[in-house]
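These are the residues of each chain, in order.
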Amino acid sequence: MTALLLNPNNFDPQWLDAESRRQLSALIRWFEERGKARLLRDDLDGAWVSDFLDFVKRERLFATFLTPSEFAGDDPNKRWDTSRNAVLSEILGFYGLSYWYAEQVTILGLGPIWQSDNVKAKEKAAAQLEAGGVMAFGLSEREHGADIYNTDLLLTPAADGDEEGVLFRASGQKYYIGNGNVAGMVSVFGRRTDVDGADGYVWFAADSQHENYELIDNVVHGQMFVSNFALHDYPVYEEDILATGPDAFSAALNTVNVGKFNLCSGSIGMCEHAFYEAINHANNRILYGNPVTDFPHVRASFVDAYARLIAMKLFSDRAIDYFRSAGPQDRRYLLFNPVTKSKVTSEGERVVTLLWDVLAAKGFEKNTYFYQVTRLIGALPRLEGTVHVNVAQILKFMPNYMFNPADYPQIGTRRDPADDVFFWSQGPARGASKVQFADWAPVYERNADIPNVGVFYQQVRAFKDLLATAAPDADQQSDLDFVLVVGHLFSLVVYGQLILEQAELTGLEHDLVDQIFDVQVRDFSAYAVALHGKPSSTEAQQQWALAAVRKPATDPARFGRVWDQVKSLDGTYEMRP
């Protein structure tokens, strides 16, 4: 069987070019040579990741992976390639969220820059990346979070007699800003005091080392520097302006579209490392005279966690293909992206909880990577918009997805070394309700002979009937508590579609697909019961909910074969001491 989980001991993705493989292998080697003791000590001490950033500079890692080819100079290896960026993100998550975070906020900080028409700012960003620099994304505020309608970072037009070339003086604070302690370019969102409404929005680049930039604090304890900073009459010049007006608003949302996709691969990497630790421990521990993994509930937890983790990878890998193939006439990524963010990261939490139920007290020990994961895995569903925000966003796409399919050319696996230029020209952030999708039913029908795919497809068709005959009324649609459950049911439909597409593309064995949809059936049933119990659910909706509950197709032999896959992972990876 082809290895489905990242294993540093045999990492060699042949589909990547030689230089990408070299850099990623060097990254793995750097972590392994530092060793687990150092990795965990730095985490517990909250040591800033300066040695990691030294490596990034020495290897030109971010410069190579995060610079669009337009600004690559003579380097043929520089491009923004989502397929290889996902591998980088997964590796960083595998070794620690703090390392992933330094890359994540650099990606966010670059978003308004690469989307800008300001060529000088882009050239400056490319030069800083080449010099080993990182970026920051100054959007959130303490009072407003990421509510960009109400930013209190104000740009006042320069007064007569001000320094030559100064257009504005910027004042105000930003909060939850990663890399805000060292970023060479901090993309800052604010609004003009002399222009009302959307026309007053501005993105501009600030320097964290400028005398008018005050670094107030790190608002968390940890290796990540999540800064609170203030600008005091910060001078903003023409060459600092990245976007204005409605374009600035769209740049904010489009940047988050790019950045939040990165959350899934970080979560996957964390879960993979945690999984290795869990199976290595549990399969070699004797309790009450028996190996822990002889207990049926332990095997059930491991198989469930494994199925969920593989599903996370399948969906995320397939979503990459849609993201990379997107364009003005194909914006399906606008649905798959928030599903990736909300569903995959939430599943990461569930995987860790299942493993923790097996490890119990071991999961608290400071000499385990697992302990770090338990503290940090919950960050990912809560970054770049909460799960609730993203599920609410997903609902905008539901009518067209479920009832109004369109024809699209087939999209295959996108691992080609192309520059994903559409990321930086997504256009206005509106029109989600008009996006259409290919028919979701055929992939379910092609795989309906897999027992639990067949059962889940019954539930999906029942969900379509619910929307056609007992859809949420106007009052229910304004009740976020109610419609979020509908959103979770819809997310499962989308999740299952891309899982099946990727399973077909990769030839994934039916045993594992069946086990994944065993999980899907149970999760759908749980949300149906939740819908039944909502205070505002109607009699028709309650009847539908109970009728939609299904028991997965059980097959002890299939379960045993998947368990054998899980057990075979024992001893295949353990980080160097």
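Residues numbered from 1 in each chain as written. Predicted model: local features only at pLDDT ≥ 70, side-chain atom pairs only at ≥ 80, totals over all residues. Heavy atoms only, no water.

> I'm lost on the overall build of the protein chain in this one. Help?
Secondary structure assignment for the protein chain yields 20 helices and 10 strands. A compact globule built from 577 residues would reach a C-alpha radius of gyration of about 25 Å, and the protein chain, at 24 Å, matches this within 12%. Counting only C-alpha atoms and orienting by the principal axes, one finds that the protein chain spans roughly 80 × 60 × 40 Å. Here the protein chain, with 577 residues, has 60% of them falling under the buried criterion. Taking all contacts inside the protein chain whose residues are at least 6 apart in sequence as the whole, residues at least 24 apart take part in 79%. Carbon and sulfur atoms form 50% of the exposed surface of the protein chain, whose accessible area is close to 22700 Å². If the 53 positive side-chain charges of the protein chain are averaged to one point and the 76 negative ones to another, these points end up 5 Å apart. (Helix = DSSP H or I, 4+ residues; strand = E, 2+ residues; numbered from the N terminus. Rg over C-alpha atoms; globule rule 2.2 N^0.38 Å. Buried < 20%, exposed > 50% of the residue type's maximum accessible area, 1.4 Å probe, protein only. Contact = heavy atoms within 4.5 Å. Areas by Shrake-Rupley, 256 points an atom, 1.4 Å probe, with all protein chains shown as cover. Lys, Arg positive; Asp, Glu negative; His and termini not counted. Charge placed at Lys NZ, Arg CZ, Asp CG, Glu CD.)

> Is there a simple way to think about empty space enclosed by the protein in this case?
Any empty space left between atoms is shown by rolling a water-sized probe over those atoms. Within this structure, the stated rule accounts for 3 cavities of 30 Å³ or more. Taken as a whole, the largest cavity spans an internal volume of roughly 100 Å³. In terms of lining, the largest cavity is formed by Trp80, Thr82, Asn85, Ala86, Ile107, Val258, Phe261, Asn262, Ser265, Phe323 and Phe423. With 4 residues, the single largest contributor to the lining of the largest cavity is helix H8 (residues 245–282). Residues belonging to the lining of the largest cavity are distributed by class as follows: 7 nonpolar, 4 polar and no charged. Taken as a whole, the second largest cavity encloses approximately 40 Å³ of empty space. Lining the second largest cavity are Ala307, Arg308, Ala311, Lys343, Glu347, Tyr495, Ile499, Ile516, Val519, Gln520 and Asp523. Looking at the lining of the second largest cavity, the elements with two or more residues in it are helix H9 (296–324), helix H10 (333–359), helix H17 (480–506) and helix H18 (510–533). (1 Å grid on protein atoms, 1.4 Å probe; cavity = no way out; pocket = protein on both sides within 12 Å on 5 of 7 lines; lining within 4 Å. Points joined across faces, edges and corners; volume = space filled by probe spheres on them. Nonpolar A, V, L, I, M, F, W, Y, C, P; charged D, E, K, R; others polar.)

> Is there a simple way to think about the environment of Pro296 in this case?
Residue position: Pro296 is located in helix H9. Spatially, the C-alpha atoms of Pro296 and Gln520 are 21 Å apart, while their sequence positions differ by 224 residues.

> How do you make sense of the packing of aromatic side chains when you look at a structure like this?
Note on aromatic pairs: each is described by the distance of the centres and the angle between the planes. This structure, assessed with the given rule, holds 44 aromatic pairs. On the numbers, 6.0 Å between centres and 50° between planes, the contact of Trp30 with Phe52 is tilted. Of this pair, Trp30 sits in helix H1 (residues 18–34) while Phe52 sits in helix H3 (residues 50–59), and the two are 22 residues apart along the sequence. With relative accessibility at 13%, the residue Trp30 sits in the buried group. Relative to Tyr95, the ring of Phe31 lies with its centre 4.5 Å away and its plane at 10°, an arrangement referred to as stacked. With Phe31 in helix H1 and Tyr95 in helix H5 (residues 82–95), this residue pair connects regions lying 64 residues apart in the sequence. In this pair, the class of Phe31 matches that of Tyr95, namely buried. Grouped by ring-pair contacts, the aromatic residues Trp30, Phe31, Phe52, Phe55, Phe62, Phe94, Tyr95, Tyr99, Tyr276 and Tyr573 constitute a single cluster. Above the face of the Tyr495 ring, Lys343 is positioned so that its terminal group lies 5.4 Å from the ring centre. For the cation-ring pair, Arg375 lies above Tyr371, with the distance from its terminal atom to the ring centre recorded as 4.8 Å. (Phe/Tyr/Trp six-rings, centres within 6.5 Å; stacked < 30°, edge-to-face > 60°. Lys NZ or Arg CZ within 6 Å of the ring centre and 35° of its normal.)

> Looking at this model, I keep getting lost on H17. Mind explaining?
Quick reminder: α-helices carry 3.6 residues per turn. Residues three or four places apart thus point the same way. An ideal rise of 1.5 Å per residue puts 39 Å on 27 residues; H17 measures up with 38 Å between its terminal C-alpha atoms. Directly beyond the C-terminal end of H17, a positive phi value near 70° is found at Gly507. (Expected span 1.5 Å × (residues − 1).)

> What is the right way to read helix H2 (residues 36–45) from this model?
Considered for burial, the residues of H2 that qualify are Lys36, Leu39, Leu40, Asp42 and Asp43. Angularly, the buried residues of H2 cover 160° about the axis, an arc narrow enough to put them on a single face. On its buried side, H2 packs onto H1, H3, H5, helix H6 (97–114), H8 and helix H11 (369–376). Looking at the residues trailing H2, positive phi occurs at Gly46, about 65°. (Arc of directions from axis to C-beta.)

> What's the story with the pairing of strand S7 (residues 226–237) in this structure? I'm lost.
Working note: regular strand, side chains alternate between the two faces of the sheet. With 10 of its 12 residues buried, S7 lies for the most part within the structure. Of the strand pairs in this sheet, strand S3 (residues 166–178) and S7 are connected by 9 bridges, and their pairing is antiparallel. By the bridge assignment, Val166 is partnered in S7 with Tyr237. As paired strands, strand S6 (residues 213–218) and S7 are joined by 5 bridges and run antiparallel to one another. Along S7, the bridge assignment pairs Glu214 with Ala230. (Pairing = 2+ DSSP bridges.)

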